[in-house]
Amino acid sequence: LWSCTTCIACDDICPLGILHVPMLIQLRRRLVADGAIESRLQEAMTNLNRYGNSLGQSPRNRPKWTQGLPFKIKDARKEPVEYLWFVGDYASFDPRLAEATRSTAMVFEKAGLNFGILYESEQNSGNDVRRAGEEGLFEMLRDKNMKALEKARFEKIVTNDPHSYQALKNEYDGFRVMHAVELVDELLQQGKLTASNKREVKVTYHDPCYLGRYNGVYDAPRRVLASAGARIAEMPRHGADAWCCGAGGGRIWMEDVPGIKERPAESRVREAAALGGVEALVVCCPKDMVMFQDALKTTGLEGKLVVRDAMELVKEAVCS
(Lines give C-alpha, C1' and ligand atoms only; values in the text may rest on other atoms or scores of the structure.)
Protein backbone atom coordinates (compact mmCIF):
# COMPACT_ATOMS: atom_id res chain seq x y z
CA LEU A 1 0.00 0.00 0.00
CA TRP A 2 2.84 2.42 0.76
CA SER A 3 4.72 1.87 -2.52
CA CYS A 4 2.13 3.81 -4.58
CA THR A 5 3.05 7.35 -5.68
CA THR A 6 -0.60 8.14 -6.59
CA CYS A 7 0.53 9.06 -10.12
CA ILE A 8 -2.80 7.56 -11.43
CA ALA A 9 -1.08 5.93 -14.41
CA CYS A 10 -2.93 2.74 -13.48
CA ASP A 11 -6.29 4.51 -13.38
CA ASP A 12 -5.50 6.31 -16.63
CA ILE A 13 -4.63 3.18 -18.59
CA CYS A 14 -7.10 0.69 -17.09
CA PRO A 15 -9.35 -0.63 -19.90
CA LEU A 16 -12.17 -1.26 -17.41
CA GLY A 17 -12.03 2.24 -15.93
CA ILE A 18 -11.24 0.94 -12.45
CA LEU A 19 -10.08 3.69 -10.07
CA HIS A 20 -7.36 1.99 -8.07
CA VAL A 21 -5.89 5.02 -6.28
CA PRO A 22 -9.02 6.14 -4.34
CA MET A 23 -9.37 2.62 -2.96
CA LEU A 24 -5.71 2.52 -2.00
CA ILE A 25 -5.97 5.85 -0.19
CA GLN A 26 -8.97 4.56 1.76
CA LEU A 27 -6.88 1.58 2.89
CA ARG A 28 -4.06 3.91 3.89
CA ARG A 29 -6.49 5.85 6.07
CA ARG A 30 -7.14 2.67 8.03
CA LEU A 31 -3.41 2.12 8.55
CA VAL A 32 -2.95 5.73 9.68
CA ALA A 33 -5.85 5.37 12.11
CA ASP A 34 -4.17 2.24 13.51
CA GLY A 35 -0.80 4.03 13.80
CA ALA A 36 0.75 1.58 11.32
CA ILE A 37 3.02 4.08 9.52
CA GLU A 38 6.80 4.35 9.31
CA SER A 39 8.83 6.76 11.41
CA ARG A 40 9.81 9.18 8.62
CA LEU A 41 6.21 9.59 7.53
CA GLN A 42 5.16 10.08 11.14
CA GLU A 43 7.84 12.78 11.53
CA ALA A 44 6.56 14.60 8.45
CA MET A 45 2.99 14.47 9.76
CA THR A 46 4.13 15.82 13.13
CA ASN A 47 5.95 18.70 11.42
CA LEU A 48 2.91 19.48 9.29
CA ASN A 49 0.71 19.57 12.36
CA ARG A 50 3.12 21.72 14.36
CA TYR A 51 4.69 24.01 11.75
CA GLY A 52 2.41 23.81 8.71
CA ASN A 53 5.21 22.32 6.58
CA SER A 54 6.85 18.90 6.34
CA LEU A 55 10.40 20.20 6.72
CA GLY A 56 9.98 21.27 10.35
CA GLN A 57 10.80 24.90 9.54
CA SER A 58 9.51 27.88 11.47
CA PRO A 59 6.76 29.70 9.51
CA ARG A 60 8.88 32.86 9.88
CA ASN A 61 11.41 31.29 7.49
CA ARG A 62 8.87 30.79 4.72
CA PRO A 63 9.65 34.10 2.92
CA LYS A 64 13.43 33.84 3.52
CA TRP A 65 13.98 33.03 -0.17
CA THR A 66 12.93 36.60 -1.05
CA GLN A 67 16.17 37.93 0.41
CA GLY A 68 18.40 39.23 -2.35
CA LEU A 69 15.61 40.16 -4.73
CA PRO A 70 15.94 43.73 -6.05
CA PHE A 71 12.31 44.43 -5.18
CA LYS A 72 9.83 43.80 -2.37
CA ILE A 73 7.06 41.26 -2.94
CA LYS A 74 3.68 42.51 -1.78
CA ASP A 75 2.02 41.04 1.29
CA ALA A 76 -1.35 39.87 -0.02
CA ARG A 77 -2.72 39.93 3.52
CA LYS A 78 -2.26 43.70 3.69
CA GLU A 79 -2.89 45.04 0.18
CA PRO A 80 -4.98 43.86 -2.78
CA VAL A 81 -3.25 42.01 -5.62
CA GLU A 82 -4.40 40.47 -8.88
CA TYR A 83 -2.39 37.27 -8.44
CA LEU A 84 -1.86 35.56 -5.12
CA TRP A 85 1.24 33.41 -5.47
CA PHE A 86 0.97 30.21 -3.41
CA VAL A 87 4.66 29.31 -3.28
CA GLY A 88 4.56 25.88 -1.61
CA ASP A 89 6.83 24.24 0.96
CA TYR A 90 9.80 23.00 -1.06
CA ALA A 91 9.97 26.13 -3.21
CA SER A 92 9.95 28.20 -0.01
CA PHE A 93 12.29 26.26 2.27
CA ASP A 94 14.65 24.04 0.26
CA PRO A 95 17.83 26.01 -0.59
CA ARG A 96 18.27 23.99 -3.79
CA LEU A 97 15.09 25.61 -5.11
CA ALA A 98 15.71 29.20 -4.04
CA GLU A 99 17.11 30.23 -7.43
CA ALA A 100 14.14 28.78 -9.29
CA THR A 101 11.71 30.49 -6.92
CA ARG A 102 13.48 33.84 -7.28
CA SER A 103 13.47 33.36 -11.07
CA THR A 104 9.69 33.08 -10.98
CA ALA A 105 9.45 36.29 -8.96
CA MET A 106 11.70 38.11 -11.44
CA VAL A 107 9.63 36.92 -14.41
CA PHE A 108 6.41 38.10 -12.72
CA GLU A 109 8.02 41.45 -11.95
CA LYS A 110 9.30 41.79 -15.53
CA ALA A 111 5.76 41.23 -16.82
CA GLY A 112 4.45 43.98 -14.54
CA LEU A 113 2.14 41.64 -12.64
CA ASN A 114 0.40 42.86 -9.52
CA PHE A 115 1.19 39.88 -7.31
CA GLY A 116 1.81 39.03 -3.68
CA ILE A 117 2.31 36.14 -1.28
CA LEU A 118 0.88 35.13 2.11
CA TYR A 119 4.30 35.16 3.82
CA GLU A 120 4.21 33.10 7.03
CA SER A 121 0.42 32.58 6.82
CA GLU A 122 0.77 30.04 4.01
CA GLN A 123 0.54 26.39 5.04
CA ASN A 124 1.17 23.17 3.15
CA SER A 125 -1.78 22.65 0.77
CA GLY A 126 -2.37 19.16 2.17
CA ASN A 127 -2.41 17.36 -1.17
CA ASP A 128 0.16 14.70 -0.26
CA VAL A 129 -1.09 14.50 3.31
CA ARG A 130 -4.47 13.44 1.96
CA ARG A 131 -2.91 10.87 -0.40
CA ALA A 132 -0.91 9.47 2.51
CA GLY A 133 -4.18 8.75 4.31
CA GLU A 134 -4.27 11.53 6.93
CA GLU A 135 -7.64 13.08 6.09
CA GLY A 136 -7.99 14.95 9.37
CA LEU A 137 -4.62 16.67 8.94
CA PHE A 138 -5.52 17.57 5.37
CA GLU A 139 -8.72 19.23 6.58
CA MET A 140 -6.82 21.17 9.25
CA LEU A 141 -4.27 22.48 6.72
CA ARG A 142 -7.00 23.31 4.21
CA ASP A 143 -9.02 25.21 6.81
CA LYS A 144 -6.00 27.26 7.91
CA ASN A 145 -5.18 28.13 4.30
CA MET A 146 -8.81 28.99 3.63
CA LYS A 147 -8.83 31.46 6.52
CA ALA A 148 -5.69 33.13 5.20
CA LEU A 149 -7.03 33.21 1.64
CA GLU A 150 -10.37 34.64 2.74
CA LYS A 151 -8.60 37.55 4.45
CA ALA A 152 -6.50 38.31 1.36
CA ARG A 153 -7.85 40.27 -1.61
CA PHE A 154 -6.95 38.77 -4.98
CA GLU A 155 -8.46 37.60 -8.27
CA LYS A 156 -6.49 34.46 -9.12
CA ILE A 157 -4.06 32.07 -7.47
CA VAL A 158 -0.82 31.09 -9.21
CA THR A 159 1.54 28.38 -8.00
CA ASN A 160 4.72 26.63 -9.17
CA ASP A 161 3.80 23.42 -7.35
CA PRO A 162 1.55 20.92 -9.20
CA HIS A 163 0.67 19.24 -5.88
CA SER A 164 -0.61 22.55 -4.49
CA TYR A 165 -2.25 23.24 -7.86
CA GLN A 166 -4.27 20.04 -7.61
CA ALA A 167 -5.47 20.76 -4.08
CA LEU A 168 -6.24 24.44 -4.55
CA LYS A 169 -7.97 23.98 -7.90
CA ASN A 170 -9.92 20.79 -7.26
CA GLU A 171 -10.16 20.24 -3.51
CA TYR A 172 -10.59 23.74 -2.09
CA ASP A 173 -13.64 25.88 -2.84
CA GLY A 174 -14.13 28.50 -5.52
CA PHE A 175 -10.65 29.66 -6.55
CA ARG A 176 -9.30 30.35 -10.02
CA VAL A 177 -5.92 28.63 -10.07
CA MET A 178 -3.12 28.61 -12.62
CA HIS A 179 0.26 26.98 -12.71
CA ALA A 180 3.10 29.44 -13.28
CA VAL A 181 3.85 28.01 -16.74
CA GLU A 182 0.21 28.48 -17.76
CA LEU A 183 0.36 32.12 -16.70
CA VAL A 184 3.70 32.72 -18.43
CA ASP A 185 2.34 31.07 -21.58
CA GLU A 186 -0.52 33.60 -21.57
CA LEU A 187 1.83 36.52 -20.92
CA LEU A 188 4.08 35.51 -23.82
CA GLN A 189 1.12 35.13 -26.19
CA GLN A 190 -0.25 38.52 -25.10
CA GLY A 191 3.10 40.21 -25.65
CA LYS A 192 3.46 41.18 -22.00
CA LEU A 193 6.69 39.19 -21.91
CA THR A 194 9.25 39.16 -24.71
CA ALA A 195 12.01 36.58 -24.95
CA SER A 196 14.66 38.99 -26.21
CA ASN A 197 17.64 36.97 -24.97
CA LYS A 198 16.93 33.49 -26.31
CA ARG A 199 19.70 30.91 -26.04
CA GLU A 200 19.18 27.83 -28.16
CA VAL A 201 19.61 24.79 -25.97
CA LYS A 202 18.57 21.16 -26.36
CA VAL A 203 16.55 19.93 -23.40
CA THR A 204 14.04 17.29 -22.44
CA TYR A 205 10.95 17.98 -20.38
CA HIS A 206 9.40 15.90 -17.60
CA ASP A 207 5.60 16.00 -17.25
CA PRO A 208 4.66 16.13 -13.54
CA CYS A 209 1.88 13.69 -12.67
CA TYR A 210 -0.22 16.30 -10.86
CA LEU A 211 0.05 18.79 -13.72
CA GLY A 212 -0.19 16.29 -16.56
CA ARG A 213 -2.34 13.25 -15.87
CA TYR A 214 -4.36 14.90 -13.09
CA ASN A 215 -5.02 18.22 -14.83
CA GLY A 216 -4.19 17.76 -18.52
CA VAL A 217 -1.55 20.52 -18.75
CA TYR A 218 0.89 19.30 -21.39
CA ASP A 219 1.19 21.98 -24.09
CA ALA A 220 1.74 25.18 -22.09
CA PRO A 221 5.13 24.14 -20.60
CA ARG A 222 6.38 23.10 -24.03
CA ARG A 223 5.27 26.37 -25.64
CA VAL A 224 6.98 28.32 -22.87
CA LEU A 225 10.24 26.41 -23.28
CA ALA A 226 10.15 26.85 -27.06
CA SER A 227 9.59 30.60 -26.60
CA ALA A 228 12.68 30.69 -24.38
CA GLY A 229 14.75 29.12 -27.16
CA ALA A 230 14.73 25.50 -26.03
CA ARG A 231 14.60 22.61 -28.49
CA ILE A 232 12.75 19.77 -26.78
CA ALA A 233 13.80 16.17 -27.31
CA GLU A 234 11.01 14.01 -25.94
CA MET A 235 11.74 11.01 -23.76
CA PRO A 236 10.10 7.75 -24.87
CA ARG A 237 7.68 8.08 -21.95
CA HIS A 238 6.18 11.59 -22.09
CA GLY A 239 2.84 13.35 -21.98
CA ALA A 240 0.12 11.11 -20.55
CA ASP A 241 2.60 8.21 -20.58
CA ALA A 242 5.28 10.05 -18.60
CA TRP A 243 7.09 8.17 -15.84
CA CYS A 244 6.64 9.40 -12.27
CA CYS A 245 9.48 11.00 -10.27
CA GLY A 246 8.47 8.91 -7.25
CA ALA A 247 7.65 11.76 -4.84
CA GLY A 248 3.85 11.76 -4.88
CA GLY A 249 1.44 10.27 -2.41
CA GLY A 250 3.75 11.15 0.48
CA ARG A 251 6.54 8.95 -0.92
CA ILE A 252 8.97 11.87 -0.70
CA TRP A 253 8.71 11.52 3.09
CA MET A 254 9.17 7.72 3.20
CA GLU A 255 12.00 5.21 3.06
CA ASP A 256 12.41 3.13 -0.09
CA VAL A 257 10.21 0.07 -0.37
CA PRO A 258 12.25 -3.05 0.59
CA GLY A 259 13.64 -4.92 -2.40
CA ILE A 260 13.44 -2.03 -4.84
CA LYS A 261 16.09 -2.28 -7.58
CA GLU A 262 15.85 1.23 -8.96
CA ARG A 263 13.96 4.29 -7.79
CA PRO A 264 11.53 5.90 -10.25
CA ALA A 265 13.64 9.09 -10.32
CA GLU A 266 16.75 7.09 -11.17
CA SER A 267 14.97 5.39 -14.06
CA ARG A 268 13.77 8.77 -15.27
CA VAL A 269 17.18 10.51 -15.30
CA ARG A 270 18.67 7.52 -17.14
CA GLU A 271 15.92 7.88 -19.73
CA ALA A 272 16.74 11.58 -20.12
CA ALA A 273 20.50 11.03 -20.33
CA ALA A 274 20.08 8.30 -22.96
CA LEU A 275 18.68 10.82 -25.46
CA GLY A 276 22.13 12.18 -26.21
CA GLY A 277 23.08 15.82 -26.63
CA VAL A 278 20.55 16.98 -24.05
CA GLU A 279 21.92 19.66 -21.75
CA ALA A 280 19.16 19.71 -19.18
CA LEU A 281 16.19 17.80 -17.81
CA VAL A 282 13.63 20.58 -17.36
CA VAL A 283 10.94 20.39 -14.69
CA CYS A 284 8.12 22.60 -13.43
CA CYS A 285 7.62 20.97 -10.04
CA PRO A 286 9.76 21.60 -6.94
CA LYS A 287 9.53 17.95 -5.88
CA ASP A 288 10.78 16.87 -9.31
CA MET A 289 13.81 19.08 -8.84
CA VAL A 290 14.62 17.49 -5.48
CA MET A 291 14.06 13.92 -6.64
CA PHE A 292 16.01 14.22 -9.88
CA GLN A 293 18.97 16.06 -8.35
CA ASP A 294 19.31 13.25 -5.82
CA ALA A 295 18.96 10.67 -8.59
CA LEU A 296 21.78 12.23 -10.61
CA LYS A 297 24.10 11.58 -7.67
CA THR A 298 23.04 7.98 -7.07
CA THR A 299 23.22 7.08 -10.79
CA GLY A 300 26.61 8.70 -11.39
CA LEU A 301 25.12 11.09 -13.95
CA GLU A 302 26.08 14.24 -12.07
CA GLY A 303 28.08 16.43 -14.44
CA LYS A 304 26.57 14.73 -17.50
CA LEU A 305 23.04 16.12 -17.08
CA VAL A 306 21.61 18.98 -15.06
CA VAL A 307 18.10 19.51 -13.72
CA ARG A 308 16.63 22.95 -14.29
CA ASP A 309 13.29 24.58 -13.56
CA ALA A 310 11.42 25.95 -16.57
CA MET A 311 11.19 29.36 -14.91
CA GLU A 312 14.99 29.62 -14.78
CA LEU A 313 15.14 29.34 -18.58
CA VAL A 314 12.32 31.86 -18.94
CA LYS A 315 14.07 34.33 -16.63
CA GLU A 316 17.26 34.10 -18.68
CA ALA A 317 15.29 34.72 -21.90
CA VAL A 318 13.13 37.65 -20.76
CA CYS A 319 15.19 39.40 -18.08
CA SER A 320 18.12 40.43 -20.25
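Before going into details, it helps to say that this report is about the structure given with it. (Residues numbered from 1 in each chain as written. Predicted model: local features only at pLDDT ≥ 70, side-chain atom pairs only at ≥ 80, totals over all residues. Heavy atoms only, no water.)

Points about the pattern of salt bridges
Oppositely charged side chains can pair when the atoms bearing their charge come close. Summed over the entire model, instances satisfying the criterion amount to 28 salt bridges. With its nearest N and O atoms 3.0 Å apart, the salt bridge here joins Glu135 to Arg29. Of the two residues, Glu135 sits in helix α7 (residues 135-151) while Arg29 sits in helix α2 (residues 20-33), which places them 106 residues apart along the sequence. On the accessibility criterion, Arg29 (28% relative accessible area) is partly exposed. When the shortest N-O distance is used, the salt bridge between Arg130 and Glu135 registers 2.7 Å. Here the residues in one salt-bridge network are Arg29, Arg130, Arg131, Glu135 and Glu171, joined through shared partners. (Salt bridge = Lys/Arg side-chain N within 4 Å of Asp/Glu carboxyl O. Helix = DSSP H or I, 4+ residues; strand = E, 2+ residues; numbered from the N terminus. Buried < 20%, exposed > 50% of the residue type's maximum accessible area, 1.4 Å probe, protein only.)

Section: the layout of surface pockets
Computed from the structure, the largest pocket encloses a volume of approximately 900 Å³. Lining the largest pocket are 44 residues; nearest its centre among them are Cys245, Gly246, Arg251, Pro264 and Met291. Among the elements of the structure, α1 (9-13), α3 (39-51), α11 (264-273) and α12 (286-299) are those that each provide at least two residues to the lining of the largest pocket. Of all the elements, α12 adds the most residues to the lining of the largest pocket, at five residues. (1 Å grid on protein atoms, 1.4 Å probe; cavity = no way out; pocket = protein on both sides within 12 Å on 5 of 7 lines; lining within 4 Å. Points joined across faces, edges and corners; volume = space filled by probe spheres on them.)

Regarding the packing of aromatic side chains
Within this structure, the stated rule accounts for six aromatic pairs. Through successive ring pairs, a cluster of aromatic residues spans Trp65, Trp85, Phe108 and Phe115. Note that Arg237 overlies the ring of Trp243, its terminal NZ or CZ placed 4.2 Å from the centroid. (Phe/Tyr/Trp six-rings, centres within 6.5 Å; stacked < 30°, edge-to-face > 60°. Lys NZ or Arg CZ within 6 Å of the ring centre and 35° of its normal.)

Considerations on the packing of α11 against α12
Relative to each other, α11 and α12 sit at 75 degrees, their axes nearing to 8 Å. The angle between α11 and α12 falls in the class roughly perpendicular. Contacts from Ala265, Glu266, Arg268, Val269 and Arg270 in α11 reach Met291, Phe292, Ala295, Leu296, Thr298 and Thr299 in α12. (Axes fitted to C-alpha atoms, helices over the stretch in contact; angles between N-to-C directions. Parallel < 35°, antiparallel > 145°, perpendicular 65-115°, else oblique. Contact = heavy atoms within 4.5 Å.)

What about a nonpolar patch on the surface?
Taken together, Leu16, Ile18 and Met23 make up a surface patch of nonpolar side chains, about 320 Å² in accessible area. Summarising the element assignment, Ile18 is placed in the loop between α1 and α2. Assessed through its relative accessible area of 37%, Ile18 is described here as partly exposed. (Patch = residues over 30% accessible without salt bridge, like charges linked within 9 Å, V, L, I, M, F, W, Y side chains within 5 Å. Areas by Shrake-Rupley, 256 points an atom, 1.4 Å probe, with all protein chains shown as cover.)

Overview of the sheet that holds strand β2 (residues 83-86)
One open sheet holds the five strands; their spatial order is β1-β3-β2-β4-β5, and the pairing between them is parallel. In this open sheet, the two edge strands, each paired with only one partner strand, are β1 (74-75) and β5 (177-179). Pairing of β2 with strand β4 (residues 156-159), which is carried by four bridges, proceeds in the parallel orientation. Following the sheet pairing, Leu84 is matched in β4 by Ile157. (Pairing = 2+ DSSP bridges.)

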